[in-house]
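# Tertiary structure, described
Residue-level listing of the chains:
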Amino acid sequence: MLIVRKFLRDVAAVLGFVIICVVIGIAIFGPFLLPHPDLVFDSDILRRFEPPSAEFWFGTDNLGRDIFSRVIIGTRGALMVALTVVAIAIAIGVPLGIYAGYTTGWPAEVIMRVTDVFLAVPQLILALAIAQLAGRGLGSAMAALALTYWPFFCRTVYAETRRLRHTVFIEALQGLGASKTRILFVHVLPNVASPIIVRATVGMGFTILTTALLGFLGVGATPPNPDWGLAIAESREYLPDVWWAATFPGLAILITVLGFNLFGDGLRDLIDPKLRRSRS
Amino acid sequence: MSGTDTALLEIRDLSVAVGTDEGTASILDGVNLRLTPGSIHGVVGESGCGKSTLIKAILGLLPARGRATEGSITLQGRALLAAGQKSAAQSARGRDIGFIPQDPLLALNPVFRVGDQLREAMWQYGMSADDPQRNQPRAVRRRVYDQRLVELLRAVQLPDPEQALQRYPHQFSGGQRQRLLIAAALACGPQIVLADEPTTALDVTTQLQILKLLRQLARERGLSMLFVTHDFGVVAQLCDTVTVMYAGQTIESGPVAATMSNPRHPYTRMLLACHPERSQELKGIPGAVPSPLRAPSGCRFHPRCPEMVADCQRARPEAVSGAARMVACVHCHEVAA
Amino acid sequence: MTRFLLRRLLLALPALLGLLVLTFVLLRVVPSDPSTALAGENATPEQIAAIRKAYGFDQPLWRQFVVYVGQVLTGDFGNSIFTEQPVLGDITRRLPATVELVLAALLFATGVGIPLGVLAAVYYNSSFDHAVRIVTVGGLAIAPFWFAIILQLVFAMDLDWLPLRGRIPVGMPPPPTVTGLYLIDSLVAGRFDLLTTAARHMLLPAFTLSLGSLASITRFTRAGMLETLQKDFVAYEKAAGYPERRVIWVYVLRNSLVATTTQIGLLFGALIAGAVAVETIYDWPGIGSYAVQAILTSDYKAILAVTLVVGVIYAAVNIAVDIVHALLDPRVAEQL
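Values in this document were obtained by computation on a predicted structure and should not be read as measured data. (Residues numbered from 1 in each chain as written. Chains lettered and ligands numbered in written order. Predicted model: local features only at pLDDT ≥ 70, side-chain atom pairs only at ≥ 80, totals over all residues. Heavy atoms only, no water.)

## Quick look at the overall build of chain A
Threshold: To qualify as a helix, a DSSP run of H or I must reach at least 4 residues; to qualify as a strand, a run of E must reach at least 2; elements of each kind are numbered from the N terminus. Only protein chains enter the accessibility calculation, which uses a 1.4 Å probe; a residue whose area is less than 20% of its type maximum is buried, one above 50% is exposed, and one in between is partly exposed. By definition, residues are in contact when any of their heavy atoms lie within 4.5 Å. Positive charges are assigned to Lys and Arg, negative charges to Asp and Glu, while His and the chain termini are left out of the count. In plain terms, the charge of a residue is placed at NZ if it is Lys, CZ if Arg, CG if Asp and CD if Glu.
Tallying secondary structure elements over chain A gives 10 helices and 0 strands in all. Sequence-ordered secondary structure for chain A, helices as α and strands as β, is α-α-α-α-α-α-α-α-α-α. Dimensions of chain A, computed from C-alpha atoms along their principal axes, come out at roughly 75 × 50 × 35 Å. Counting all 280 residues of chain A, 52% fall into the buried class. Counting contacts in chain A only where the partners sit at least 6 residues apart, residues at least 24 apart contribute 70% of the total. Charged side chains of chain A number 23 positive and 19 negative; the gap between the two group centres comes to 15 Å.

The following block contains the structure:
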């Protein structure tokens, strides 16, 4: 497995992979590892604002809840939201991109014009507006993010399919009389898979960041959800004394996103080795 | 060998090794070469024989993982290649040694005006070793340099030399760009010009014009030229003397006429036989140039040589020198001029 | 150049029309009943009906769209519910603050990012290169809103070196308006005291905002440099005796900047997203915080106007990027 060996040589990418594995592990097994399972949602006013200690590693928040336990539980939510958003965006963007890239005619034209218009507005403003107008809550936030994120996949896949369409092997298949659906799904899709995977990996990190921002601004998760962004927002008014309440959820975001970005970066290098060529 | 004092550029026993992921590659192995004033010397060999590494070594531009393990390069008595003397070769580039690259279409920077590029080396070195303009203000220098460049562009027969400096590379044809590059090589008034297969990328008629131009310029200006090529035909048209290289070794050298009419090394003979105008039946050379990672022992040509004997594998054949010729082959015990 | 500009503007028109349709569809059609959202949670049915009529939601959709386009073209975006001022006035008043912030961030990001990218490429695969890579990937992984809070925590609250929020202290009169950018206006007015104050207020927000762009610009410059360094003309330039520094910092860099400028154009979306977070946290009175305020209060007309204005700026940025391309590469200029 040359590709695995090559990947293992990339220390940063391996680090990213390890982080992702740990984060997924925490998301799955986290609920069983909590030091204070009772202090995730239930408050304990007597213990509010306790600084980080042996008992409360990350300290407690304004309601006396254990921040470490909440960060752990929040991992699951963050991953689930990001995964759902990216999956929906792929489900919309990839078929449209392949179709528009492979065919000519007005439907393809319309798809790409719509994509361009979406890409001409900063995603965040649109997502914020939709999330608010569709009624606040995690569901609307996820729908808003997916609805504004698919054009990025559509663009990538469109460009890649366009490039493939004129390659010799697709033209040969057409010459052999292979059906359009067969060419699209059996031959084109696997070839555009690698840029999709790279974009999806980096997109996971990006979506976690955006979801946190939505939660922070108050149009994402609603209390008492242990969402990282929401936790940072709730802790703001107690700064600077309760520094730990804002610091640790943010670090959780940083490390998780870093994992996805490093891994995505390594994947890109594997798939597109152009920039890895050693200079002589 | 006689007349060491008259050599402008002398390369002695130069060996170059380059580290790769698969081990150390011996690209050059004991290369000897002399360039005398006012002569055009051809270096000929198949691709992969180390010609371009030789040029890089002279210019002090060996790849990051490459180094000269042995030997010396001397330019007018100055050592270009000595430990820790990167600057010697660096200051020779452009000033003492003009360089003409292989592919004129790729050698010019697409986003800069031709004038900006041609002036660049002159800002550094002036128009000659003792340039009186060096201390003038920039605007004055620029005017003088532009005049000089226009003269050079006229000398290389470029149409519209006055306008050329204001234009971009993509506005010229391949042959015109090679003329620009020839002018660039002469800008600082070097005594030596290194030409790296400067006609390979051009079409046949343009090739002939460029060769004629090079010969004329060299004669008029008393230049010495090291002309690297894989084509004996070009050597015959242009050069006075020639060195034949195989797999990083110099195997034969001498005056062009004598070497071509009476080649002594089997490889030289076979290389000459590859030329349709020189032999009745077209012959190739069986096999391929060995990888520098796994260079054959002894004479590196022995696996492909029809005259191979046991001794060939054992040790590198002693170079036999006579008047102006040199051959390194076990079958050859003496050479006459 | 004029002809190019005209053609580029014409090309931008369909995109802007698309933008109108998109905003209309998303904001007027997607929410099941915008009047309910507008009226708030405790509205009586009569109040909702009144709003429906006032906003024209009882009209057929196509008619609403025509009215909407007409309003936009005449610059009539209506009044903000929240500030009770004309929306367009609000936006033009707040735009300079965002422009100043974004420009400062972009200036810092390019000024530092391009040299970092060049050095990382020149010392490819060295420990410096690896360090730059980890820092840039990290820069893209930091949530700007969290980073802003941490910077406030350390430099404003704890160390007390820099102001916590705002463009200038509350109650201090801003410099007389020339450009709307406080740094430039206070220079024009010769008010160096104001200049320092404004600069100190700007430091944390601009740095926070620049982080993501800095990372992107560094990475793209590095990638562009690595690609250009492989080109034949680089080998030629060295062989022809160009000074090595000039080869790297002039001849190679200019070729690589073509890719970097494209990236700077694409960064705009990220910068606006960053500005939304950064302005909210630092109380920066720009259109980012205005957008958040409008969205959180369902200030419908303000949301539409902000989205449109940002879309128009985005189109303008793309045209500017094309112009810079043409300036960098004569072959592009000829195709214009």
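## Remarks on the sheet that holds strand β5 (residues 78-79) of chain B
Residue and element names in this part refer to chain B. Here is the rule: Should DSSP find at least two bridges between two strands, the strands are regarded as paired. To define axes, lines are fitted to C-alpha atoms, for helices over the stretch in contact only, and angles between the resulting N-to-C directions are given on a 0 to 180 degree scale.
If you trace the 4 strands from one edge of the open sheet to the other, you get β2-β1-β4-β5, paired in antiparallel fashion. Each end of this open sheet is capped by a strand with a single partner; those strands are β2 (23-35) and β5. Direction of pairing for strand β1 (residues 9-20) relative to β2: antiparallel, over a ladder of 9 bridges. Counted as the bridge partner of Ile-11 is Leu-33 from β2. Contacting β1, β2 and β4 (66-75), helix α1 (residues 51-59) runs over the sheet at an angle of about 110 degrees to β1.

## Quick look at the pattern of salt bridges
All names here are of chain B. Keep this limit in mind: A carboxyl oxygen of Asp or Glu within 4 Å of a side-chain nitrogen of Lys or Arg is what we treat as a salt bridge.
Scanning all chains against the criterion turns up 31 salt bridges over all chains. Of the charged contacts in the structure, one is a salt bridge between Arg-300 and Asp-29, with a shortest N-O distance of 3.7 Å. Note that Arg-300 is positioned in the loop between α11 (266-273) and α12 (310-314) and Asp-29 in strand β2, a separation of 271 residues in sequence. For Arg-300, a relative accessible area of 7% puts it in the buried group.

## Examining the interface of chain C and chain B
Put simply, the rule is: Buried area: the accessible area, evaluated with a 1.4 Å probe, that two parts lose upon being put together, summed over both parts. As used in this structure description, the phrase polar contact means that two N or O atoms lie within 3.5 Å; if the pair is within protein, one of them must be able to donate a hydrogen and the other to accept it, and residues adjacent in sequence are counted only when both atoms belong to side chains. The classification used treats Ala, Val, Leu, Ile, Met, Phe, Trp, Tyr, Cys and Pro as nonpolar, Asp, Glu, Lys and Arg as charged, and all other residues, Gly among them, as polar.
On the side of chain B, 28 residues touch chain C, which itself brings 21 residues to the contact. Of the roughly 2,100 Å² buried where chain C meets chain B, counting both sides, 57% is carbon and sulfur surface. Inspection of the chain C/chain B interface yields 2 salt bridges. Summed over the shared surface of chain C and chain B, the number is 10 residue pairs in polar contact (both at pLDDT 80 or more). Among the residues making up the side of chain C that touches chain B, the classes are represented as 10 nonpolar, 2 polar and 9 charged.

## Here we look at a nonpolar patch on the surface
To keep things clear, this is the line we draw: Patch members must show over 30% relative accessible area and no salt bridge, and they are joined within 9 Å when carrying like charges or within 5 Å when they are nonpolar side chains of Val, Leu, Ile, Met, Phe, Trp or Tyr. Per-residue and other accessible areas follow the Shrake-Rupley method at a 1.4 Å probe size, with only the shown protein chains counted as cover for residues.
A contiguous nonpolar surface patch, about 560 Å² in accessible area, is contributed by Ile24(A), Ile28(A), Phe29(A), Phe32(A) and Leu33(A). On the secondary structure map, Phe29(A) appears in helix α2 (residues 11-33).

## Notes on the packing of aromatic side chains
Applied cut-off: Classification of ring pairs rests on two measures: the distance between centres of Phe, Tyr or Trp rings, Trp counted by its six-membered ring, which must be within 6.5 Å, and the angle between planes, read as stacked under 30 degrees, edge-to-face over 60 and tilted in between. Working rule: Lys NZ or Arg CZ, within 6 Å of ring centre, within 35 degrees of ring normal, means a charge sits over the ring.
Within the structure shown, the criterion is met by 20 aromatic pairs over all chains. Geometrically, the ring pair formed by Phe147(C) and Phe207(C) is tilted, given 6.1 Å between the ring centres and 50 degrees between the ring planes. With a gap of 60 residues between them, Phe147(C) in helix α7 (residues 144-158) and Phe207(C) in helix α9 (residues 192-229) connect regions that are remote in the sequence. Its relative accessible area of 14% is what places Phe147(C) among the buried residues. Relative to Trp161(C), the ring of Phe155(C) has its centre 6.0 Å away and its plane inclined at 45 degrees; by these criteria the two rings are tilted. Here the aromatic cluster, defined as three or more aromatic residues joined through ring pairs, consists of Phe58(A), Phe68(A), Trp243(A), Trp244(A) and Phe248(A). Across from the ring centre of Trp123(B), 3.9 Å away, lies the NZ or CZ of Arg138(B), which sits over that ring.

## With respect to the environment of Ala143(A)
Along the chain, Ala143(A) falls in helix α6 (residues 138-165). Accessibility expressed as a relative area gives 44% for Ala143(A), which makes it partly exposed.

## Some words on the pairing of strand β10 (residues 249-255) of chain B
All names here are of chain B. Taking burial as the measure, the 7 residues of β10 include 6 buried ones, the bulk of the element. Note: strand β9 (residues 241-246) against β10, 6 bridges, orientation antiparallel. Note on β10: the bridge partner recorded for Thr-243 is Ser-253. With antiparallel pairing between neighbouring strands as the criterion, β9 and β10 make up a hairpin whose turn holds 2 residues, including Ala-247 at a positive phi of roughly 45 degrees. Here β10 runs beside strand β12 (residues 325-328); their pairing, made up of 2 bridges, is antiparallel. Residue Ser-253 lies in a different strand from β12, and its bridge partner there is Met-326.

## Here's the deal with the packing of helix α5 (residues 87-122) of chain C against helix α11 (residues 244-282) of chain C
Helix-helix packing is characterised by the crossing angle of the two axes and by the distance between the axes. Residue and element names in this part refer to chain C. The line we're drawing: An angle counts as roughly parallel when it lies under 35 degrees, as roughly antiparallel when it exceeds 145, as roughly perpendicular when it falls between 65 and 115, and as oblique in every other case. Crossing chirality is assigned from the near helix's rotation relative to the far helix, an anticlockwise turn below a right angle marking it left-handed and a clockwise turn marking it right-handed.
Contact geometry of α5 with α11 gives a least axis separation of 9 Å together with a crossing angle of 140 degrees. By the criterion of interaxial angle, the relationship of α5 to α11 is oblique. The crossing of α5 and α11 is right-handed. Listed contacts from α11 to Thr-98, Leu-101, Val-102, Leu-106, Thr-110, Ile-114, Pro-115, Val-118, Leu-119 and Val-122 of α5 are Ile-248, Trp-249, Leu-253, Leu-257, Ile-264, Leu-271, Val-278 and Glu-279.

## Focus: the interface of chain C and chain A
Every contact between the two is made by 48 residues of chain C and, on the other side, 50 residues of chain A. With both sides pooled, the region where chain C packs onto chain A buries about 4,500 Å², and carbon together with sulfur makes up 74% of that total. Of all residues in chain C, Arg133(C), Phe145(C) and Trp146(C) bury the most surface against chain A, accounting for 15% of the area lost on that side. At the boundary of chain C and chain A, one finds 2 salt bridges. Linking Arg133(C) and Asp265(A) is a salt bridge whose minimum nitrogen-to-oxygen distance equals 3.3 Å. Run the count over chain C and chain A and you get 8 residue pairs in polar contact (both at pLDDT 80 or more). Mapped onto the side of chain C that touches chain A, the elements with two or more residues apiece are α1 (2-29), α5, α6 (127-141), α7, α9, α11, α12 (287-296) and α13 (300-328) of chain C. For the side of chain C that touches chain A, the class distribution of residues is 36 nonpolar, 9 polar and 3 charged.

## Side note on the sheet that holds strand β6 (residues 97-100) of chain B
By definition, the strands of a sheet pair up through backbone hydrogen bonds, in either a parallel or an antiparallel sense. All names here are of chain B. Strand order in the open sheet formed by 8 strands is β6-β7-β8-β3-β9-β10-β12-β11, and the pairing between neighbours is mixed. Across the chains shown, the open sheet's two edge strands, defined by having one partner strand only, are β6 and β11 (319-322). Between one strand axis and the next, the sheet turns through 20 degrees on average, direction left out of account. The strands that α1 touches are β3 (40-44), β6, β7 (192-196), β8 (224-229) and β9; relative to β7, the one it contacts most, it runs at about 150 degrees. Strand contacts of α11: β3, β9 and β10, with the helix running at about 100 degrees to β9, the strand carrying the most contacts.

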